[in-house]
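Architecture and fold: a report
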Amino acid sequence: YARQHNPHLIILDLRLPDGSGYAVCRRLRQAGLHQPILILTVQADEVDKVLGLEMGADDYLTKPFGLRELLSRIRALLRRAYGEFAAGHTDLLFVADLVIDRGRGQVMRGEQLLPLTPIELRLLIYFAQNMEQALSRPQLLDAVWGIDTDVESEKIINVNIRRLRQKIELDPDQPQLLLTVPGIGYRLTSPGRQ
């Protein structure tokens, strides 16, 4: 699941019904996943904590713990991994495994910077701000280009949607993020969300 959906943070219990949390942590790191991993366990021995950290975990929390402590540790891990995201920084938007940084004008997938043009970036930001909503071509033209719709200008949308899909979709021929809504326009979604 983590490899397919690339979550922003992983909370991992050491006692799993089908194996060890240590092994899962090690496999996640070997697979190249870099997001923060917080281990939860009842094992409070120093050796267990060190082993968890050596396997690639970023933090270790023993049970029982308070909800406030858990939330504080999550915020700290997210701040370290993604800057001011946890402090409510409004310049960052998250769509599936993409991080859209409006302040810097860039989009990242993991460590990879996606080479979006300014128009593609504005288009993606508008979609992300209106997540899961079907947006018409006239809406997109007005919001992103600031122009009225006509037959020629609607072609601009089609061309830019195709280019944007080439950059943000893992398989542009089978889009999973930027979907066509027949008779209306387009909708940005995150796989797994309904």
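Quantities reported herein were computed from a predicted structural model and do not represent experimental measurements. (Residues numbered from 1 in each chain as written. Predicted model: local features only at pLDDT ≥ 70, side-chain atom pairs only at ≥ 80, totals over all residues. Heavy atoms only, no water.)

**What about the overall build of the protein chain?**
Assigned secondary structure in the protein chain consists of seven helices and twelve strands. Looking at the 194 residues of the protein chain, the share that counts as buried comes to 38%. The contacts in the protein chain between residues at least 6 apart in sequence include a share of 48% that link residues at least 24 apart. Carbon and sulfur atoms form 50% of the exposed surface of the protein chain, whose accessible area is close to 11300 Å². Placing the 24 positive and 24 negative side-chain charges of the protein chain at their respective mean positions leaves the two points 2 Å apart. (Helix = DSSP H or I, 4+ residues; strand = E, 2+ residues; numbered from the N terminus. Buried < 20%, exposed > 50% of the residue type's maximum accessible area, 1.4 Å probe, protein only. Contact = heavy atoms within 4.5 Å. Areas by Shrake-Rupley, 256 points an atom, 1.4 Å probe, with all protein chains shown as cover. Lys, Arg positive; Asp, Glu negative; His and termini not counted. Charge placed at Lys NZ, Arg CZ, Asp CG, Glu CD.)

**Description of the pairing of strand β11 (residues 178–181)**
Consecutive side chains along a regular strand alternate between the two faces of the sheet. As defined by bridge partners, β11 adjoins strand β12 (residues 185–188) across four bridges and the pair is classed as antiparallel. Paired with L179 across the bridge in β12 is R187. Adjacent in sequence and paired antiparallel, β11 and β12 are bridged by three residues, among which G183 carries a positive phi angle near 80°. (Pairing = 2+ DSSP bridges.)

**Overview of the confidence of the model for the protein chain**
Of all residues in the protein chain, 90% have pLDDT values of 70 or greater, and the mean over the chain is 82. Counted against residues more than four places away or in other chains, residues 85–89, with its pLDDT under 50, gives seven contacts. (pLDDT = per-residue confidence, 0-100.)

**A closer look at the nonpolar core**
Counting 27 residues, the largest nonpolar core has I100, F127 and L188 as the members making the most contacts within it. Every element with two or more residues in this core is listed here: β6 (92–95), β7 (98–101), α5 (118–129), α6 (137–145), α7 (151–168) and β12. Ranked by residues supplied to this core, first place goes to α5 with seven residues. Once residues within four sequence positions are removed from consideration, L188 is found in contact with V95, L124, F127, A128, M131, E132, L177 and L178. Among the nonpolar cores identified, the runner-up in size contains 13 residues, and L28, L33, A57 and Y60 belong to it. (Core = buried A, V, L, I, M, F, W, Y, C linked by side-chain atoms within 4.5 Å.)

**Some details on the pairing of strand β1 (residues 10–13)**
Alternating residues of β1 divide into I10 and L12, all buried, and I11 and D13, none buried. Summarising the sheet, β1 and strand β4 (residues 37–41) pair through four bridges and their orientation is parallel. In the sheet register, D13 faces β4, and the bridge partner there is L40.

**Let's talk about unusual backbone geometry**
The omega torsion across K63 and P64 is -5°, close enough to zero to call that bond cis. Mapped onto the fold, P64 is located in the loop between β5 (59–62) and α4 (67–82). Even without being a glycine, A96 presents a positive backbone phi close to 50°. Residue classification places A96 among the partly exposed positions, given a relative accessible area of 24%.

**Observations concerning the side chain of N130**
As for its placement among the helices and strands, N130 is situated in the loop between α5 and β10 (135–136). Here Y126 takes part through its backbone oxygen, which lies 2.8 Å from a polar atom of the side chain of N130. (Polar contact = N/O pair within 3.5 Å; in protein donor to acceptor, adjacent residues only side chain to side chain.)

**Comments concerning the side chain of D59**
On the secondary structure map, D59 appears in strand β5. Among the polar contacts made by the side chain of D59, one reaches the side chain of R73 at a distance of 2.8 Å. Discounting chain neighbours no more than four positions away, the residues touching D59 are I37, L38, I39, L53, R73 and L77.

**Thoughts on the environment of P64**
Of the residues examined, P64 reaches a relative accessible area of 80% and is grouped as exposed. Once the C-alpha coordinates of P64 and A96 are considered, the two residues, 32 residues apart in sequence, prove to be 32 Å apart.

**Some words on the packing of α5 against α6**
At their nearest, the axes of α5 and α6 sit 10 Å apart, and the two run at 120° to each other. In terms of orientation, α5 lies oblique with respect to α6. The crossing of α5 and α6 is right-handed. For the pair formed by α5 and α6, the contact residues are I119, R122, L123, Y126 and F127 on the first element and Q139, L140, A143, V144 and W145 on the second. Partitioned by chemical class, the residues of the contact of α5 with α6 number eight nonpolar, one polar and one charged. (Axes fitted to C-alpha atoms, helices over the stretch in contact; angles between N-to-C directions. Parallel < 35°, antiparallel > 145°, perpendicular 65-115°, else oblique. Left-handed = near helix turned anticlockwise from the far one by under 90°. Nonpolar A, V, L, I, M, F, W, Y, C, P; charged D, E, K, R; others polar.)

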